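# Structure at a glance
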Number of protein chains: 2
Amino acid sequence: MATIADIGVSAAINLLGAFIFLIAFALLRIQPFNDRVYFPKWYLKGLRDSPSQAGAFVRKFVNVDFRSYVKFLNWMPAALKMPEPELIEHAGLDSAAYLRIYLIGLKIFIPITVLAWAVLVPVNYTNDTLRLERLSNVTSSDIDMLSISNIPAKSQRFWSHIVMAYAFTFWTCYVLRKEYENVANMRWQFLASAKRRPDQFTVLVRNVPPDPDESVSELVEHFFLVNHPDNYLTHQVVVNANQLAKLVKQKKKQQNWLDYYQLKYSRNNATKPIMKTGFLGLWGQKVDAIDYHVAEIERLSKEIAAERESVVTDPKAIMPAAFVSFKTRWGAAVGAQTQQSRNPTLWLTDWAPEPRDVYWNNLAIPYVSLAVRRLIMGVSFFFLTFFFMIPIAFVQSLASIEGIEKAAPFLKPIIEIKLIKSIVQGFLPGIALKLFLIFLPSILMIMSKFEGFISISSLERRSASRYYIFNLVNVFLGSIITGSAFEQLDTFMKQSANDIPKTIGVAIPIKATFFITYIMVDGWAGIAGEILMLKPLIMYHLKNFFLVKTEKDREEAMDAGSLGFNTGEPRIQFYFLLGLVYATVTPLLLPFILVFFAFAYVVFRHQIINVYNQEYESGAAFWPDVHKRVLIALIISQLLLMGLMSTKEAAQSTPFLIALPVLTIWFYYFTQGRYEPAFIRYPLQEAMMKDTLEHAREPNLNLKGYLQSAYIHPVFKSEDDDDDHDTAFAKKEDEDVLVPTKRQSRRNTPAPSKFSGGSSPSLPEAVQEHQEP
Amino acid sequence: MATIADIGVSAAINLLGAFIFLIAFALLRIQPFNDRVYFPKWYLKGLRDSPSQAGAFVRKFVNVDFRSYVKFLNWMPAALKMPEPELIEHAGLDSAAYLRIYLIGLKIFIPITVLAWAVLVPVNYTNDTLRLERLSNVTSSDIDMLSISNIPAKSQRFWSHIVMAYAFTFWTCYVLRKEYENVANMRWQFLASAKRRPDQFTVLVRNVPPDPDESVSELVEHFFLVNHPDNYLTHQVVVNANQLAKLVKQKKKQQNWLDYYQLKYSRNNATKPIMKTGFLGLWGQKVDAIDYHVAEIERLSKEIAAERESVVTDPKAIMPAAFVSFKTRWGAAVGAQTQQSRNPTLWLTDWAPEPRDVYWNNLAIPYVSLAVRRLIMGVSFFFLTFFFMIPIAFVQSLASIEGIEKAAPFLKPIIEIKLIKSIVQGFLPGIALKLFLIFLPSILMIMSKFEGFISISSLERRSASRYYIFNLVNVFLGSIITGSAFEQLDTFMKQSANDIPKTIGVAIPIKATFFITYIMVDGWAGIAGEILMLKPLIMYHLKNFFLVKTEKDREEAMDAGSLGFNTGEPRIQFYFLLGLVYATVTPLLLPFILVFFAFAYVVFRHQIINVYNQEYESGAAFWPDVHKRVLIALIISQLLLMGLMSTKEAAQSTPFLIALPVLTIWFYYFTQGRYEPAFIRYPLQEAMMKDTLEHAREPNLNLKGYLQSAYIHPVFKSEDDDDDHDTAFAKKEDEDVLVPTKRQSRRNTPAPSKFSGGSSPSLPEAVQEHQEP
């Protein structure tokens, strides 16, 4: 059992570790040759140039200004200095809202910590239960003296815990509501002040029904001309350019190798670089590497050109989906929020994600397939969460000495060497699990992709919520009740609804020390490691050495990275869960949580300002999820407290806790009804206001030109040297504005009007007339 | 333990009872003096007149055509003859869809019954388990020989039950999906073919924010002129006429009494009728009844006029809600499906219910209050369901001999009489429970009203779903596991998730006989009682004798009644539940269910054609609820079968059942996504089509005139003699078309435009221009 002294030692070690990381960071970041690793954001924004245009050669790489070494922690106040509006301007609303998660952590837990230490710690400490038990040889740690365990059964002192549970719940809900409101307002402000963006005018239409007479493009145009006659502007069909994108990616890879070999050759002119064509360059024919790659690139370029041609011309490459743009934001808001056709699985409309945010591969999945995919992934995730230990145990059994000897007898002599044997025995099983946990976010991301979400932001949100559940089951419950998740599930199925919170509740105080250590290792040292950015640092210098020829290459060698919502947010939520669960049980844990939130806030603020480059901007669309998960943590904490109390035979006070989860659940529904629409819908009033303002400011705006090529697949944009293709594609679309119908049944309409494809030839005019009062 | 013979006797008795009801009905319905009781629908439609205009005096009241007595069952084929489209025309889609619930009962259970008798009955019967047990003195009935109880533990025969469970599930889902599709199509057809109705053009706006400068009417007009410039037509503010409605109702009551006394006087001219003014006419001053009521009516008429005046003129009587009408169905569809303002709790728009369907009292409840009301009612319903026995037990204790003697000692001598004593002891406790159950639907209806639903149809739907839950907990579970719902809850909380289905599952086969009897009493005889319509029959003849003077009075004396969705539908659902649960367990029960569905179908078809007069038409909006509840029954049946199986130690086969509930839940979400929007939203394509057609047919339609007074509170319409008020009210609205703003801040705009109240003076024109390409 850990004493307070033990924890102090552990804290000291972790603090030291964090401190070493910080020192290393402070030293590395002021070296000019690391500048692009630690300040990529500014390079990407074009606000910073490579240093050393002037000055001595040494100063180009090493910072020799010793004064800057003294102020090695000055990045911290600098990170805090930038005001929030500027931060939003600088890094986007997503990042600013993300930082607010840490802030609400502080807002929730500072008062809770103060209150818990002022009330609960004295109440817990002034008992003799554990001291008496210790006399009778029951072991317990000093920490438990401060926890609820120190209170004897049936004590009236439990009332203070109940009152505190109410206070903590109300405070948490108050902060959450306040922040929900703030973030919603920030989102409005952001949307209102945002510059004109294509997604404000555009709606993504999916599941366009097949039509034997008309192409998708014609069909979309006719449908919207008929049903949104006053608002429809233009559209952009979605093409299946996945193959093309693959080729472009291959070409890029070959180009990198070519650069590498050319650089090698230029440095050592004596020998022409040689390579083998087989697998990983280990087997196969020896060829001149430069010639080989030049030829490969040539071949790929041709293939790309052919594929590009076929994508543009082949009707089979057109997917039954389109980005439809409207003349006004109002029209787009109407298009996005209404149902278009009788069959609710056809002509599905939804706000178009930002062009950067579109996940192109999923745009053409039909409705039924989506439903089936969701079922499959739901079941798979269940098995992943509860049975993931089974394949790992299998791998571990293979990775044991006997397993290897069986699978590969020829390795036997090597393995039998003592050192290697101990390594295999000691490490391999752990590595199998560790590898799985490292790949888990990617697995979850693949699952989300399979489920058919159409924007990167929604993919990340889905992965985040699954990662949270996985953590909750396997890390939180798994640490409290030892045993695999499946064994837990089995236990829970055999226990009554009353007993489950009891079983967990009883184990909660015992595990306090474990979680304190966890917070220090994962939360303190882990965050300090984050700021050091070891992986990008190494990668940058490797690339810099082997590939970089021009300034543009150096630009590309930077790996700014991004926040990684899908792993980052569930990690924060885990601290909310720990904090709320232990607030009433072991208040000693709270200061450790506080340190985490404060430190992480500063670190991530620094990273967001100087490093990360968000791939997309969703306008804080993730906030409802954040809100929901904190409330889930709150409800879990209430249930566990109830379970714990009922084992303490505090029977007459426990029922007073029942109201808490009921109220919390109600609070959840209330706030979702109140604020969630701000993150999903776009009110007409708002749209109308922006339209009017814009029209007053720029009456002659050519919106069609602006929107024409906004939603073209990125491969058509990515290659700068192929600009002509891009515009060719746009031009082809342009020619189709007067879509001649091929529908047979309409051919014999006497006088075909301009909009001859609709269900009624003269419809748009008719409606216009009809609408004149 | 009941034998098959016992059940036969019981069935014979119940069939006899049903038969007697049917004979009575057959005799009563062909008597001309009952014509208005048994054929009110035709009178209300104006297709039938009072009989006996010609003919002998006797034939006016009694049917003397003896041939008609012979064919006393001929109403049955007559009820089935009317084709469905005609039925929809005649009685509305709601009624036709309601009948379809019985039809899907038949569609689901006929094949299931055949299959279960062909496969499961032989499989069950050819075992000796119960026969062997009976030798060792374990009692069991003949019925159990046909049920799953007859199969020994660990038998391989359970596989047949599992296969059947799959077959039943797939068949049920297939029928449900098919019917969902059918009803959705019927709804489309109905909406598409429906004549012009005000609700197609109208949106109900609630939570109009208060404004110090403008009245609600002005605010609404400005808001929609600005934000729906091309579509807004007119609007109608909601007035608080609850007090006025109360007065009108009082006046009507007094009028009835006046009629009664006048009739009495005209029959017996000798004595002027005298009445007492006090409570129930038992106390107080004696006055001339006719004079008194004439004076009362006079007084009320004046009060009504004053109140009417104040409602029209007093700004405080205007509620922050309005019915906003649009120029086109398209405009209304847009208005109803989009969010209007930034704050999602203001300017809430929703499709306006049909004018008849509006529940006027609830139109002005603010959003926050709605959320709180929902919480309160949720908690109340929980207590009502699980603790309703507590107040009843209290009343029962009061209603006992000792209780009465304590509360009212002066009654002691009367109570001590033996006969009365036994009546009190035997009946009163039962009556307390029975009274509660009779009033339960009304209690649930009041709860729904308190929750703030705005249409009668939604009130009924909500009550229905609560009634279903109450039945499920207290009748179904309460019959299977004896004990009050609260005791059950307590048991379940203390049992594991695995054990709950086991506990119930084990009791299921034992209770088969009980439920068979229940079906016969409630389902067979109860339905036959429904067709007799005893209460309306008696009420009609009473009214006819005491009040009716004119043909119009006779019209009003008819009480056609309506389907009563809030009690009727949960009752049907109970039979679905029984059928699905017992299909695999005791197939003997299935034929009884079949008889119920067939008989009820014929009876209600007759009632709908000849009797019921639906108060509103919601276009089968209740179907998603019906669908959902059948699926809930299906899932319950699957879980109980799993529980039952696991007690039979069929451990290796039980896991195969786990997939069933998962698939069923997935099926639920799939079908809801696929078909539910048809019942909630109105696609733009559809709206546009109807608009275009209508415009082509009636280019000069005065829509504004048509919609002007569509949503006026019924009290302004109800009194025929007060027509002038009605139009006066409409006229007052009419004058306001050019709403002059009183908003101070706008006063100093240099050149006030026509629409001076909007956030931008020239907005509508600007947008119009902007939308020209």
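Cut-offs used in this document
Residues numbered from 1 in each chain as written. Chains lettered and ligands numbered in written order. Predicted model: local features only at pLDDT ≥ 70, side-chain atom pairs only at ≥ 80, totals over all residues. Heavy atoms only, no water. Helix = DSSP H or I, 4+ residues; strand = E, 2+ residues; numbered from the N terminus. Contact = heavy atoms within 4.5 Å. Areas by Shrake-Rupley, 256 points an atom, 1.4 Å probe, with all protein chains shown as cover. Core = buried A, V, L, I, M, F, W, Y, C linked by side-chain atoms within 4.5 Å. Buried < 20%, exposed > 50% of the residue type's maximum accessible area, 1.4 Å probe, protein only. Buried area = accessible area lost by both parts, 1.4 Å probe. Salt bridge = Lys/Arg side-chain N within 4 Å of Asp/Glu carboxyl O. Polar contact = N/O pair within 3.5 Å; in protein donor to acceptor, adjacent residues only side chain to side chain. Nonpolar A, V, L, I, M, F, W, Y, C, P; charged D, E, K, R; others polar. UniProt positions renumbered as here; feature names shortened; annotations may be inferred. Least-squares fit on C-alpha atoms with pLDDT ≥ 70 in both. Expected span 1.5 Å × (residues − 1). Bend = angle between axes of the 7 residues up to and from the residue. Axes fitted to C-alpha atoms, helices over the stretch in contact; angles between N-to-C directions. Parallel < 35°, antiparallel > 145°, perpendicular 65-115°, else oblique. Left-handed = near helix turned anticlockwise from the far one by under 90°.

### With respect to the overall build of chain A
Helices and strands together make up the secondary structure of chain A, namely 37 helices and six strands. For chain A, contacts bridging at least 24 residues in sequence account for 81% of all contacts bridging at least 6. A total of about 35,400 Å² of accessible surface is found on chain A, and carbon and sulfur atoms cover 64% of it.

### Notes on the nonpolar core
Residues A:Tyr102, A:Phe476, A:Phe597, B:Tyr102, B:Phe476 and B:Phe597 are the most contacted members of the largest nonpolar core, which totals 295 residues. Not counting the four nearest positions on each side in its chain, A:Phe597 is found in contact with A:Tyr102, A:Gly105, A:Leu106, A:Phe109, A:Ile572, A:Tyr575 and A:Phe576.

### A short note on the interface of chain A and chain B
With 58 residues of chain A at the contact, the number on the chain B side is 59 residues. Carbon and sulfur atoms make up 60% of the area that chain A and chain B hide from each other, which totals about 5,600 Å². Along the contact surface separating chain A from chain B lie zero salt bridges. Counting across the interface, chain A meets chain B through 14 residue pairs in polar contact (both at pLDDT 80 or more). Counting only elements with at least two residues in the side of chain A that touches chain B, the list comes to helix 11 (158–193), helix 13 (216–227), helix 16 (329–337), helix 17 (367–387), helix 31 (659–675), helix 33 (684–697) and helix 37 (763–771) of chain A. Considered class by class, the residues forming the side of chain A that touches chain B number 30 nonpolar, 21 polar and seven charged.

### Some words on the UniProt feature "transmembrane region" (unreviewed entry) in chain A
Residue and element names in this part refer to chain A. Feature annotation in UniProt assigns "transmembrane region" (unreviewed entry) to the following positions: residues 12–30, 101–120, 375–399, 419–446, 467–486, 574–604 and 653–671. Secondary structure over residues 574–604 splits into 87% helix and 0% strand, and the C-alpha atoms at its two ends are 17 Å apart. A distance of 29 Å separates the end C-alpha atoms of residues 653–671, which is 68% helix and 0% strand.

### Re the pattern of salt bridges
Residue and element names in this part refer to chain A. The tally for this structure, following the rule as stated, stands at 28 salt bridges over all chains. Glutamate 84 serves as the salt-bridge partner of arginine 100, at 3.1 Å between the closest nitrogen and oxygen. Residue arginine 100 is located in helix 8 (residues 93–125), and its partner glutamate 84 is located in helix 7 (residues 84–91); the two are separated by 16 residues in the primary sequence. Judged by relative accessible area, arginine 100 falls into the buried class, the value being 11%. Among the ionic contacts, a cluster of salt bridges with common partners joins Glu84, Arg100, Lys107 and Glu179.

### Side note on the relation of the copies chain A and chain B
Of the transformation placing chain A onto chain B, the axial shift is 0.0 Å and the rotation is 180°, giving an RMSD of 0.1 Å. This pairing of chains is accounted for by a two-fold axis. Most of the interface of chain A is mirrored in chain B, where 100% of its interface residues are also at the interface.

### Digging into the environment of B:Leu433
Within the element layout of this structure, B:Leu433 appears in helix 21 (residues 418–451). Measuring from C-alpha to C-alpha, the distance between B:Leu433 and B:Pro391 comes to 9.9 Å, with 42 residues separating the pair along the chain.

### Notes on helix 8 (residues 93–125) of chain B
Taking 1.5 Å as the rise per residue, helix 8 of chain B with 33 residues should run 48 Å; its terminal C-alpha atoms sit 45 Å apart, in good agreement. At B:Trp117, helix 8 of chain B shows its maximal bend, which comes to roughly 35°.

### Considering the packing of helix 8 of chain B against helix 30 (residues 623–647) of chain B
All names here are of chain B. In contact at an axis separation of 11 Å, helix 8 and helix 30 are set at 25° when each is read in the N-to-C sense. Comparing their axes, helix 30 and helix 8 come out roughly parallel. Classified by chirality, the crossing of helix 30 by helix 8 is right-handed. On helix 30, the residues touching Ala97, Arg100, Ile101, Ile104 and Ile108 of helix 8 are Trp623, Val626 and Val630. In terms of residue class, the contact of helix 8 with helix 30 is built from seven nonpolar, no polar and one charged.

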